[in-house]
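Take a look at the letters that make up each chain.
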Amino acid sequence: MSYTNTFIQVAADCPVETGVVPPMKKEGKTAHRIQYELLSQNPYKYTQGELIYEVHLQHKQIPEEERELRSIEIREELFARNHPCLRASMLPKKHGWGVHYNEEGKIAIYPMESDAYQQFVEAGTHQQDGPTLLFAMRSSRK
């Protein structure tokens with residue numbers, strides 16, 4: 001599922017009070033770290049599908065040559081199964097990042113302590129043409 005004009009707020013049980021960069025692992029970057037890097041360095045460049053594809057390529061460390069030769073096949077294999085939306089991402093669930101989908105479905109992230117984050121929440125709450133507000137999925141089932 002991909003959204004448009006939607007703002008995903010941090011989960012109600014998010015354990016941080018400010019946006020934090022997802023940590024690295026000894027083996028390399030986690031998928032959530034790659035999401036963070038792509039979205040923070042390229043706001044509103046990726047749709048959800050494009051983001052999923054790029055994260056997959058980087059996380060699996062698929063070489064550039066293979067990407068060029070097999071891009072259609074890689075994409076078909078990847079999207080043959082469902083993928084969770086960013087409401088289930090660790091960025092808004094545990095790391096304190098709000099996720100905004102613009103009118104074109106392109107994505108940017110905002111730390112929960114930022115003025116921009118508050119502006120999205122206020123616009124979604126008080127304006128008819130503001131973004132649809134959703135919360136990230138909770139980590140626990142309380």
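Please refer to the structure higher up on the page.
The structure presented is a predicted model; accordingly, all values stated were derived computationally and were not measured.

This part covers the overall build of the protein chain. Within the protein chain, the regular secondary structure consists of five helices and four strands. In sequence order, the protein chain lays out its α and β elements as β-α-α-α-α-β-β-α-β. If you line up the protein chain on its principal axes, its C-alpha atoms span 50 × 35 × 30 Å. For the protein chain, the proportion of its 142 residues judged to be buried stands at 44%. Accessible surface for the protein chain amounts to roughly 8,600 Å². Of this, 49% is attributable to carbon and sulfur atoms. Across the protein chain, 17 positive and 19 negative side-chain charges occur, with their mean positions spaced 9 Å apart.

Take the packing of aromatic side chains next. Applying the stated criterion across every chain yields a total of five aromatic pairs. Measuring from ring centre to ring centre gives 5.2 Å for Tyr3 and Tyr101, while their planes differ by 70°; the resulting arrangement is edge-to-face. Of this pair, Tyr3 sits in the segment before strand 1 (6-9) while Tyr101 sits in strand 2 (residues 97-101), placing them 98 residues apart in sequence. You'll find Tyr3 and Tyr101 in the same group, each marked buried. Ring geometry for Phe7 against Tyr117: centres 5.0 Å apart, planes inclined by 75°, an arrangement best described as edge-to-face.

A few words now on the nonpolar core. If you look at the biggest cluster of nonpolar residues, it comprises 19 residues, and the most contacted ones within it are Ile8, Leu51, Leu86, Val99, Tyr101, Ile107 and Ile109. Among the elements of the structure, helix 1 (31-41), helix 2 (48-59), strand 2 and strand 3 (107-111) are those that each provide at least two residues to this core. Here the element with the most residues in this core is helix 1; it accounts for four residues. When neighbours within four sequence positions are excluded, Ile8 is seen to be in contact with Tyr3, Leu86, Arg87, Pro92, Gly98, Val99, Tyr101, Leu134, Phe135 and Ala136.

Calculation criteria
Residues numbered from 1 in each chain as written. Predicted model: local features only at pLDDT ≥ 70, side-chain atom pairs only at ≥ 80, totals over all residues. Heavy atoms only, no water. Helix = DSSP H or I, 4+ residues; strand = E, 2+ residues; numbered from the N terminus. Buried < 20%, exposed > 50% of the residue type's maximum accessible area, 1.4 Å probe, protein only. Areas by Shrake-Rupley, 256 points an atom, 1.4 Å probe, with all protein chains shown as cover. Lys, Arg positive; Asp, Glu negative; His and termini not counted. Charge placed at Lys NZ, Arg CZ, Asp CG, Glu CD. Phe/Tyr/Trp six-rings, centres within 6.5 Å; stacked < 30°, edge-to-face > 60°. Core = buried A, V, L, I, M, F, W, Y, C linked by side-chain atoms within 4.5 Å. Contact = heavy atoms within 4.5 Å.

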